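Structural features, examined
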Amino acid sequence: MPSKVQICNRALSTYLGLARITSLTEGTPEAEQCQIHYDDTVQSLLESFWWSFATERQILAELTNDRTTEWNYKYVRPATEIDIHWVNNAQAARYLKEAGENPDTPREITASHIYCDVELATCEFTSGVVDVSQFSQSFADALSAAIAANIAMPLTEDLKRAQNAMSQAEDKLGKAMVHDEQQTPPATYGTMPESLKIRGIT
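I will try to describe carefully the structure that is included in this document. Since the model is a prediction, treat every value here as computed from it, not as a measurement.

**Brief notes about the pattern of salt bridges**
Enumeration over the complete set of coordinates arrives at 10 salt bridges. Here Glu70 ties to Arg67 by a salt bridge, and the two come within 2.8 Å at their closest N and O atoms. Classification of Arg67 by relative accessible area gives buried; the value is 18%. Of the charged contacts in the structure, one is a salt bridge between Arg77 and Glu81, with a shortest N-O distance of 2.4 Å. Classification of Glu81 by relative accessible area gives buried; the value is 10%.

In structure tokens form, the structure reads like this:
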């Protein structure tokens, strides 16, 4: 898998026709722009789709509930989470997905907490802490194109090149999403076990 520098060099050379860099801290205008935009661009792409390589699950840590008239449970929000997919009992979520239903449960999110009515809740989420070595090649391609779109005007002041980079970024992102979806097999339909229904898990 490519490194940060390789991803940025593709942005510079492939999409903008600019000189390559050897480090994000080398002090050139190209390196400075890549340094400015790299992390924000990664975050933006991670928020745009539920990427399989960035998906994590965590059993939530329960806290003393300070809103008992509204919710039954209060949990610590995962520290690295940037987009929650669902909060529920993990087994219940699985059966709901297999039945083609939304695995999420009613909940309220604050800056650091999650309130809901599910006991022993698990959270599935997109993590903002992702090692570049975990990127799929298609995501790395989309990231290079997106960085190029963000740095085109500051480095080239060329509207045509900027527009072309933006078009390439949209195309690469779409292809990366399709590729990622193909890595996850479709859910099979099933029914929730009676034991879960009796426990009131939904």
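Having put the structure on the table, let's press on.
**A look at helix 3 (residues 90-98)**
Along helix 3, the residues that are buried comprise Ala92, Ala93, Tyr95, Leu96 and Glu98. N-cap assignment for helix 3: the residue whose side-chain oxygen lies 3.0 Å from the backbone N of Gln91 is Asn89.

**Some words on the packing of helix 1 (residues 4-15) against helix 4 (residues 137-156)**
For the pair helix 1 and helix 4, interaxial distance at closest approach is 8 Å and the crossing angle is 60°. Classified by the angle their axes make, helix 1 and helix 4 are oblique. When you trace helix 1 past helix 4, the crossing you get is right-handed. Here Ile7, Cys8, Arg10, Ala11, Leu12 and Tyr15 of helix 1 come into contact with helix 4, specifically with Gln137, Ala140, Asp141, Leu143, Ser144, Ala145, Ile147, Ala148, Ile151 and Leu155.

**A word on the packing of helix 1 against helix 2 (residues 29-47)**
Where helix 1 contacts helix 2, the axes come no closer than 11 Å and their chain directions differ by 110°. Here helix 1 lies roughly perpendicular to helix 2, going by the angle between them. Crossing geometry of helix 1 relative to helix 2 is assigned as right-handed. On helix 2, the residues touching Lys4, Ile7, Cys8 and Leu12 of helix 1 are Glu30, Cys34, Tyr38 and Asp39. Per-class residue counts for the contact of helix 1 with helix 2 are five nonpolar, no polar and three charged.

Conventions adopted
- Within each chain, residue numbers correspond to sequence positions counted from 1 in written order.
- The predicted origin of the model limits local features to residues at a pLDDT of at least 70 and limits the giving and counting of side-chain atom pairs to 80 or more, whereas totals for whole chains, interfaces and linings rest on all residues.
- Hydrogens and waters are ignored; side-chain quantities use all the structure's heavy atoms.
- Throughout this description, the term salt bridge denotes a Lys or Arg side-chain nitrogen within 4 Å of a carboxyl oxygen of Asp or Glu.
- Partly exposed residues are those whose accessible area sits between 20% and 50% of the maximum for their type, while under 20% is buried and over 50% is exposed, using a 1.4 Å probe and protein chains only.
- The secondary structure listing takes helices from DSSP runs of H or I that are at least 4 residues long and strands from runs of E that are at least 2 residues long, numbered from the N terminus.
- What qualifies as a polar contact is a pair of N or O atoms within 3.5 Å, subject to a donor-acceptor requirement within protein and to the restriction that residues adjacent in sequence count only when both atoms come from side chains.
- Each axis is a line fitted through C-alpha atoms, taken for helices only over the stretch in contact, and angles between the N-to-C directions span 0 to 180 degrees.
- Any angle between 65 and 115 degrees counts as roughly perpendicular, while under 35 counts as roughly parallel, over 145 as roughly antiparallel, and the rest as oblique.
- Take the far helix as your reference; a near helix turned counterclockwise from it by less than a right angle gives a left-handed crossing, and one turned clockwise gives a right-handed crossing.
- Two residues qualify as a contact provided that any one of their heavy atoms is within 4.5 Å of a heavy atom in the partner residue.
- Here the term charged refers only to Asp, Glu, Lys and Arg, the term nonpolar to Ala, Val, Leu, Ile, Met, Phe, Trp, Tyr, Cys and Pro, and the term polar to all other amino acids, Gly among them.

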